[in-house]
2 protein chains.
Amino acid sequence: MRIALDAMGSDAAPLPEVEGAAELSLTDECQIILVGDERKLRSQLSRHRVNGNLSIVHATEVVTMHDNPAVAVRKKKDASLLKALRLVKEGHADACVSAGNTGAVYLAARAILGPIPGVARSAICRLLPTLRKPVLLLDLGANPDCNARHLTEFAEMGSVYSQRALRVSRPRVGLLNIGEEEHKGNQLVKTVHQNLSRCHNINFIGNVEPGAIYEGQADVIVCDGFVGNVFLKTSEAAGKMPAKLFKRELQRSWLSKAGALMCLGAFKRLKNKVDANEYSGGMLLGVNGVAIILHGSCTNRGVINSIRGGMRAVDGDIIEHIRLGIQELRASQEQS
Amino acid sequence: MRIALDAMGSDAAPLPEVEGAAELSLTDECQIILVGDERKLRSQLSRHRVNGNLSIVHATEVVTMHDNPAVAVRKKKDASLLKALRLVKEGHADACVSAGNTGAVYLAARAILGPIPGVARSAICRLLPTLRKPVLLLDLGANPDCNARHLTEFAEMGSVYSQRALRVSRPRVGLLNIGEEEHKGNQLVKTVHQNLSRCHNINFIGNVEPGAIYEGQADVIVCDGFVGNVFLKTSEAAGKMPAKLFKRELQRSWLSKAGALMCLGAFKRLKNKVDANEYSGGMLLGVNGVAIILHGSCTNRGVINSIRGGMRAVDGDIIEHIRLGIQELRASQEQS
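Residues numbered from 1 in each chain as written. Chains lettered and ligands numbered in written order. Predicted model: local features only at pLDDT ≥ 70, side-chain atom pairs only at ≥ 80, totals over all residues. Heavy atoms only, no water.

*Asks:* Please provide a residue-by-residue account of the interface of chain B and chain A, values included.
*Replies:* Interface extent is often summarised as the accessible area lost during association of the parts. At the interface, 50 residues of chain B touch 50 residues of chain A. For the pair chain B and chain A, the two sides together bury roughly 5000 Å², of which 73% comes from carbon and sulfur. Here chain B and chain A share 2 salt bridges between them. One salt bridge in this structure joins A:Glu209 and B:Lys233, with 2.6 Å as the shortest N-O distance. (Contact = heavy atoms within 4.5 Å. Buried area = accessible area lost by both parts, 1.4 Å probe. Salt bridge = Lys/Arg side-chain N within 4 Å of Asp/Glu carboxyl O.)

Structure (structure tokens):
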């Protein structure tokens, strides 16, 4: 297994990338190709114990968070992100991982790896923790403007991914909405609800409200990229607020301070459970290759878990399964 | 001050309504008119100590959560909700409070109280807790489909409300978005961003991400009703999840169990801080009268805080201020 890691993507690049890659090289059966400024990467690597499975591909440019994605993908031909994706395209790597500019990763992956036939848009999907088992949500932000066809395709891809990569036997696919009833929501989700109700290849369970998502009532949740990103970012922010307020409250008496010390183990386990770095970054579904997108503020743990996420996707032959799954869906739709 | 309370609205009606009204009658200077099934209300009231400020107006019908709002408002002429709003319209009450079907409250308030001239839509606004002072968010769900003009008007009404009712001197108005940069988001918010940037009467601070909302970076946040309701419900669900997971983790050892007992006071204070029942329900902005909408699952505390929210709005002469504020805005827009 060979992973092309865009080592210049994250906010603190190349630190978390190099640290994560070095750590992983000691434990996992995997060749990691660090793509980025060779001098910087060598200098960082020298601080870590590494195993021979690491190599470097030099890249002179970097796509930054402030770059216009379309312009950057067109002009920065020697950017680490584009080079990493080309390694996948040309068969030198099996998957690409980047914590860079999401819009640029999306456009570059579409341009370099190419779209899967039968789907108009690609979507970012990721597992999110719930009170039961994690739920796959898509789109998490690649497509702020969607029409009903796009969302229907996201449901198809999400269902296939859940089945084939996550081994969920009949994934329950839900539509993120502000009410359970069929007539609830905006025009877009009302139309998608009708479309998915007629989709016999998908186990569509109807509208799902945020509370029900957190109770684990669905395996796959579909929404447009604007709503999905609001959901994701609100979840992260709202999930952190009680902890911050709680810390303030705990400071108010010596009794609660002492009690808090006794709960430290539970605090730490909770933190791990809700920390995004304990999960793989998002996978871009709908392109001809495995591309994993991490948050720019990721840690080395996030890099490690994302590389492992990429490895699982390759092991599961996800791209081929999605291609076949979509083909079958289209064939059955043409027949009916 | 006279408040018309739809006593049949909540999921457990009329229990929380009667309990809240009875409790409030002992402490606050306020006449409460309970509107609903007289026999049921008298039977419930007999269980509580009350003061003479309570009266009952009989209503034979109830708008339920399963009713189609438009049909219910047209046909159930003797519903408690409609009667309560008519008490405001006819000058027998100063404000109306209901925990009933949100869509029906919206339509009935528009039909009975009438819209404020100069605004096309009404919006539900509410204060939400943040790490600093609470933020006013609108629309929270009345308008799942909005155009740029609607959102611009929400910004205007929210700014006026924040200034005149909440005494914020130059309210910072932000647009809920998935990125800070001007070019981020869907087509709708991009257009609204341009419109608000040209609005000289509003202190527009640009796009605000969910994390920044929770850090208290804005006084007023504007979004369409679909996104606002997703934000609200995700906040509630995501905010509860860590507490639920934490409880599980605490059960794992006797040390953490004992520690948790010592933190009980802090737990309770935190719960109060994030409990929606500790805040007033949402106010419907853009109609000629004060109408407060509570969550159907409200408690007596929620009813009390919402009645008090209605009283503050009446005391602050909010409706007149919004009418004047919008008039001034329109006049200045015509001049420029």
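From this point, the discussion proceeds with the structure in view.
*Asks:* Kindly report on the sheet that holds strand E5 (residues 123–128) of chain A, identifying the contributing residues and their values.
*Replies:* Residues and elements named next belong to chain A. Within the open sheet, the 11 strands sit side by side as E3-E2-E1-E4-E11-E10-E5-E6-E9-E7-E8. Their pairing is mixed. The sheet is open, and its two edges are formed by strand E3 (54–58) and strand E8 (203–208), each paired on a single side. Averaged over all neighbouring strand pairs, the angle between strand axes comes to 25°, with direction disregarded. Pairing analysis gives 3 bridges linking strand E6 (residues 135–138) to strand E9 (residues 220–222), with the strands arranged parallel. Note that in E9 the partner of Leu138 across the bridge is Val222. (Pairing = 2+ DSSP bridges. Helix = DSSP H or I, 4+ residues; strand = E, 2+ residues; numbered from the N terminus. Axes fitted to C-alpha atoms, helices over the stretch in contact; angles between N-to-C directions.)

*Asks:* Any chance you could break down a positive patch on the surface for me, citing the residues and the numbers?
*Replies:* Residue and element names in this part refer to chain A. Positive charge collects at one region of the surface, where Lys240, Lys244, Lys247 and Lys271 lie side by side. A total of 3 residues in the positive patch trace back to one element, the largest contributor, which is helix H9 (residues 225–250). With respect to the helices and strands, Lys271 occurs in helix H11 (residues 264–274). Residue Lys271 is classed as exposed on the basis of its relative accessible area, which comes to 62%. (Patch = residues over 30% accessible without salt bridge, like charges linked within 9 Å, V, L, I, M, F, W, Y side chains within 5 Å. Areas by Shrake-Rupley, 256 points an atom, 1.4 Å probe, with all protein chains shown as cover. Lys, Arg positive; Asp, Glu negative; His and termini not counted. Charge placed at Lys NZ, Arg CZ, Asp CG, Glu CD. Buried < 20%, exposed > 50% of the residue type's maximum accessible area, 1.4 Å probe, protein only.)

*Asks:* Hey, could you go over the relation of the copies chain B and chain A for me, with residue numbers and the actual values?
*Replies:* For the pair chain B and chain A, the relating rotation is 180°, the translation along its axis is 0.0 Å, and the fit reaches an RMSD of 0.0 Å. Seen this way, the second copy is the image of the first under a two-fold rotation axis. Within chain B, the C-alpha atom positioned nearest to the axis of rotation is that of B:Gly259, 1.9 Å from it. The overlap is high: 100% of the interface residues of chain B also sit at the interface in chain A, so the same surface is used on both sides. (Least-squares fit on C-alpha atoms with pLDDT ≥ 70 in both.)

*Asks:* I'd like to hear about the environment of A:Leu264, residue by residue, with values.
*Replies:* For A:Leu264, the position within the fold is in helix H11. Considered as a pair, A:Leu264 and A:Val35 are 229 residues apart in the sequence and their alpha carbons are 39 Å apart.

*Asks:* Now, about the sheet that holds strand E9 (residues 220–222) of chain B: what can you tell me, with residues and values included?
*Replies:* Residues and elements named next belong to chain B. Spatially, 11 strands are ordered E3-E2-E1-E4-E11-E10-E5-E6-E9-E7-E8 in an open sheet, and the strand pairing comes out mixed. The open sheet terminates on both sides in strands that have one partner only, identified here as strand E3 (54–58) and strand E8 (203–208). Direction aside, neighbouring strands of the sheet carry axes that sit 25° apart on average. Taken strand by strand, helix H2 (residues 38–45) contacts strand E2 (31–36) and E3, and its axis lies near 155° from that of E3. Packing against the sheet, helix H6 (residues 148–164) makes contact with strand E5 (123–128), strand E6 (135–138), strand E7 (172–176), E9 and strand E10 (282–285), and its axis sits at approximately 165° to E9.

*Asks:* Tell me about helix H5 (residues 102–112) of chain A, and name the residues and values.
*Replies:* Residue and element names in this part refer to chain A. Those residues of H5 not exposed but buried are Ala104, Val105, Tyr106, Ala108, Ala109 and Ile112. Where H5 is buried, its residues contact helix H3 (69–75), helix H4 (80–89), strand E4 (95–98), strand E10 (282–285) and strand E11 (290–293). The N-cap residue of H5 is Asn101: its side-chain oxygen and the backbone nitrogen of Gly103 are 3.1 Å apart. Directly after H5, the chain includes Gly114, whose backbone phi takes a positive value near 85°. (Polar contact = N/O pair within 3.5 Å; in protein donor to acceptor, adjacent residues only side chain to side chain.)

*Asks:* Residue-level account of empty space enclosed by the protein, with values.
*Replies:* Per the counting criterion, the structure on display carries 2 cavities of 30 Å³ or more. Taken as a whole, the largest cavity holds about 40 Å³ of empty space. Every residue lining the largest cavity is listed: B:Asp6, B:Met8, B:Gly9, B:Val62, B:Val63, B:Ser80, B:Leu81, B:Gly100 and B:Asn101. Taken as a whole, the second largest cavity spans an internal volume of roughly 30 Å³. Forming the boundary of the second largest cavity are A:Asp6, A:Met8, A:Gly9, A:Val62, A:Val63, A:Ser80, A:Leu81, A:Gly100 and A:Asn101. Residues belonging to the lining of the second largest cavity are distributed by class as follows: 4 nonpolar, 4 polar and 1 charged. (1 Å grid on protein atoms, 1.4 Å probe; cavity = no way out; pocket = protein on both sides within 12 Å on 5 of 7 lines; lining within 4 Å. Points joined across faces, edges and corners; volume = space filled by probe spheres on them. Nonpolar A, V, L, I, M, F, W, Y, C, P; charged D, E, K, R; others polar.)

*Asks:* Give a detailed account of the side chain of B:Asn203, specifying residues and quantitative values.
*Replies:* Residues and elements named next belong to chain B. Note on placement: Asn203 falls in strand E8. By relative accessible area, which is 18% here, Asn203 ends up buried. Leaving out residues up to four positions away in the same chain, Asn203 has contacts with Arg170, Pro171, Arg172 and Val173.

*Asks:* I'd like to hear about the packing of helix H1 (residues 15–27) of chain A against helix H12 (residues 300–315) of chain A, residue by residue, with values.
*Replies:* Residue and element names in this part refer to chain A. Across the interface, H1 lies against H12 with an axial gap of 8 Å and an inter-helix angle of 55°. Comparing the axis directions of H1 and H12 gives the class oblique. Crossing of H1 over H12 shows right-handed handedness. Contacts between H1 and H12 pair Pro16, Glu17, Glu19, Gly20, Glu23, Leu24 and Thr27 from the former with Asn300, Arg301, Val303, Ile304, Ile307 and Arg308 from the latter. (Parallel < 35°, antiparallel > 145°, perpendicular 65-115°, else oblique. Left-handed = near helix turned anticlockwise from the far one by under 90°.)

*Asks:* Describe the pairing of strand E7 (residues 172–176) of chain A, listing the residues and the values that go with them.
*Replies:* Residues and elements named next belong to chain A. Burial of E7 is extensive: 4 of the 5 residues sit out of reach of the surface. Bridge count between E7 and E8: 5 bridges; the pairing is parallel. When the bridges of E8 are listed, Val173 appears paired with Phe204. What joins E7 to E8 is helix H7 (residues 187–197), and the crossover it makes is right-handed. (Right-handed = clockwise from strand over helix to strand, strands pointing away.)

Purely geometric numbers; function is a separate question.
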